[in-house]
Amino acid sequence: MGTRVSGVLFFSGTDEALLAALATFRFLTIPQAVRLGIGGRENIGERLGRLRNAGYVGALGNSPLHGPRVHWLTKRGAEAASELLPPRAPLNVPSRAYRGGAHLRARVGIVDCHIALVLWARQAGYVLDSARTEFSRNPETLSPATTLAAGEGTYTPDAIFQLSAPDGRRRLLVLELERGGFSGSPA
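Being a predicted model, the structure only gives us computed values, none of them experimental. (Residues numbered from 1 in each chain as written. Predicted model: local features only at pLDDT ≥ 70, side-chain atom pairs only at ≥ 80, totals over all residues. Heavy atoms only, no water.)

Caption draft 1: Spotlight on the overall build of the chain. When helices and strands are tallied, the chain shows five helices and nine strands. Counting all 187 residues of the chain, 40% fall into the buried class. Counting every atom, the chain has about 10500 Å² of accessible surface; 54% of that belongs to carbon and sulfur. (Helix = DSSP H or I, 4+ residues; strand = E, 2+ residues; numbered from the N terminus. Buried < 20%, exposed > 50% of the residue type's maximum accessible area, 1.4 Å probe, protein only. Areas by Shrake-Rupley, 256 points an atom, 1.4 Å probe, with all protein chains shown as cover.)

Caption draft 2: Expanded view of the packing of aromatic side chains. Within this structure, the stated rule accounts for two aromatic pairs. Ring geometry for F11 and Y56: centres 5.2 Å apart, planes at 80°, overall edge-to-face. Of the two residues, F11 sits in strand β2 (residues 9-11) while Y56 sits in the loop between α3 (41-53) and β3 (57-60), which places them 45 residues apart along the sequence. The class of F11 is buried, set by a relative accessible area of 0%. Taking the centre distance of 4.8 Å and the plane angle of 40° together, the rings of W120 and Y126 count as tilted. A relative accessible area of 40% places W120 in the partly exposed class. (Phe/Tyr/Trp six-rings, centres within 6.5 Å; stacked < 30°, edge-to-face > 60°.)

Caption draft 3: Examining the pattern of salt bridges more closely. For the coordinates displayed, the defined rule picks out seven salt bridges. Linking R50 and D15 is a salt bridge whose minimum nitrogen-to-oxygen distance equals 3.0 Å. Highlighted residues: R50 in helix α3 and D15 in helix α1 (residues 13-25), separated in sequence by 35 residues. We classify R50 as partly exposed; its relative accessible area is 28%. Since its relative accessible area comes to 0%, D15 is described here as buried. Two residues, D129 and R170, come together in a salt bridge whose shortest N-O distance is 3.5 Å. With D129 in strand β5 (residues 127-133) and R170 in strand β9 (residues 170-175), this pair connects stretches of sequence that are 41 residues apart. (Salt bridge = Lys/Arg side-chain N within 4 Å of Asp/Glu carboxyl O.)

Right, here's the structure in full:
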């Protein structure tokens with residue numbers, strides 16, 4: 001059982017949840033998908049492999065130098081996700097394959113924080129109204145999507161979240177993730 005997209009492929013419920021999570025978080029590891037409750041580790045790995053082989057998901061391999069295996073939506077995956085998901089803001093999809101680099105572990109950490117906030121908000125009765133990360137697409141400028149004007153300069157936090165409390169009040173959360181540089185990296 002699943003959903004036919006563009007008349008080509010049937011997606012399982014797990015596939016749909018993975019595509020939605022990738023559209024939301026941009027990058028995702030298997031342990032992060034497990035934390036979101038999408039499924040068990042083996043099932044998620046098998047489904048991501050199937051989506052990768054079909055051209056819907058890209059992946060960067062696991063290595064001590066690059067970090068954990070991360071997945072993202074390809075252009076084809078973004079088109080499928082847009083058919084599966086309700087209409088909303090533009091999908092958070094890279095314009096080209098991600099090549100990794102020095103920021104990969106920080107990006108995985110930012111997604112970990114975003115996931116933790118989503119799970120906490122759900123449990124606490126808050127609504128996460130918006131989320132922007134420094135690696136979110138910014139169609140307005142070449143600056144990161146989280147760049148804030150501060151006096152005569154700018155400040156670029158790792159993420160900015162807006163939440164609505166159960167009493168209706170809105171909260172703004174600015175995230176700066178400190179990892180201690182490469183030498184201080186715990187993993």
